[in-house]
Amino acid sequence: IMQQALKAQAILSEKFGVSVDVWSAPSYQLLRNEALEADRWSLLHPGETPRIPLVTQLLAEPASRGPIVAVSDWVRAWPE
């Protein structure tokens, strides 16, 4: 699926002048688990600085402003 994302990147750049970054996420499940754990920790420790999940930190950076397209060949994972 990464090859298709790279092809889409080239098409968007060449035909539409849209700059696109392609990131690799080896495990959406690990990103999800880490985000849920950060949310849980923050809920259980209201007096402390909340933990911010890695995916939230990365997507909050100015360089990662959308649109965002996530691709995977693990179709069963998408309901989450």
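Residues numbered from 1 in each chain as written. Predicted model: local features only at pLDDT ≥ 70, side-chain atom pairs only at ≥ 80, totals over all residues. Heavy atoms only, no water.

> Explain the overall build of the chain here, please?
The secondary structure content of the chain amounts to three helices and zero strands. Reading the chain from its N terminus to its C terminus gives the helix and strand order α-α-α. With the C-alpha coordinates aligned to their principal axes, the bounding extent of the chain is approximately 50 × 30 × 15 Å. When each of the 80 residues of the chain is scored for burial, the buried share is 10%. Across the chain, every contact between residues at least 6 apart in sequence was considered, and the portion connecting residues at least 24 apart equals 33%. Within the structure as shown, the chain displays about 6900 Å² of accessible surface, and the carbon and sulfur contribution to it stands at 60%. (Helix = DSSP H or I, 4+ residues; strand = E, 2+ residues; numbered from the N terminus. Buried < 20%, exposed > 50% of the residue type's maximum accessible area, 1.4 Å probe, protein only. Contact = heavy atoms within 4.5 Å. Areas by Shrake-Rupley, 256 points an atom, 1.4 Å probe, with all protein chains shown as cover.)

> Explain helix α1 (residues 2-16) here, please?
An α-helix turns once per 3.6 residues; consequently, residues spaced three or four apart project the same way. Relative to the 21 Å expected for 15 residues at 1.5 Å per residue, α1 spans 20 Å between its end C-alpha atoms, a close match to the ideal helical length. Just beyond α1, the residue with positive phi is Gly17, at close to 65°. (Expected span 1.5 Å × (residues − 1).)

> Please clarify how the packing of aromatic side chains should be interpreted in this entry.
Each aromatic ring pair is described using two quantities: the centre-to-centre distance and the angle formed by the ring planes. According to the stated counting rule, one finds zero aromatic pairs in the structure shown. Above the plane of the ring of Trp41 lies Arg51, whose end atom (NZ or CZ) is 3.9 Å from the centre. (Phe/Tyr/Trp six-rings, centres within 6.5 Å; stacked < 30°, edge-to-face > 60°. Lys NZ or Arg CZ within 6 Å of the ring centre and 35° of its normal.)

> Just checking my understanding: could you explain the environment of Ile52 for this structure?
By the element assignment, Ile52 lies in the loop between α2 (28-44) and α3 (54-60). Residue Ile52 is classed as partly exposed on the basis of its relative accessible area, which comes to 44%. Placed 18 residues apart in sequence, Ile52 and Glu34 show a C-alpha to C-alpha distance of 9.5 Å. In contact with Ile52, other than residues within four places in its own chain, are Glu34 and Gln57.

> I tried to follow α2 on my own but got confused; where do I start?
The end-to-end C-alpha distance of α2 is 24 Å, a good match for the 24 Å that 17 residues give at a rise of 1.5 Å each. Among the residues making up α2, those that are buried are Ala35, Ala38, Trp41 and Ser42. Down the axis of α2, the sector holding all buried residues measures 130°, keeping them to one side. Looking at α2, the residues exposed on the side facing more than 90 degrees away from the buried face are Arg40, Leu43 and Leu44. (Arc of directions from axis to C-beta.)

> Is there a simple way to explain a nonpolar patch on the surface in this structure?
Together, Ile11, Leu12, Phe16 and Val18 make up a nonpolar patch on the protein surface, roughly 350 Å² of accessible area in all. Tracing the sequence through the fold places Val18 in the loop between α1 and α2. For Val18, a relative accessible area of 37% corresponds to the partly exposed category. (Patch = residues over 30% accessible without salt bridge, like charges linked within 9 Å, V, L, I, M, F, W, Y side chains within 5 Å. Salt bridge = Lys/Arg side-chain N within 4 Å of Asp/Glu carboxyl O.)

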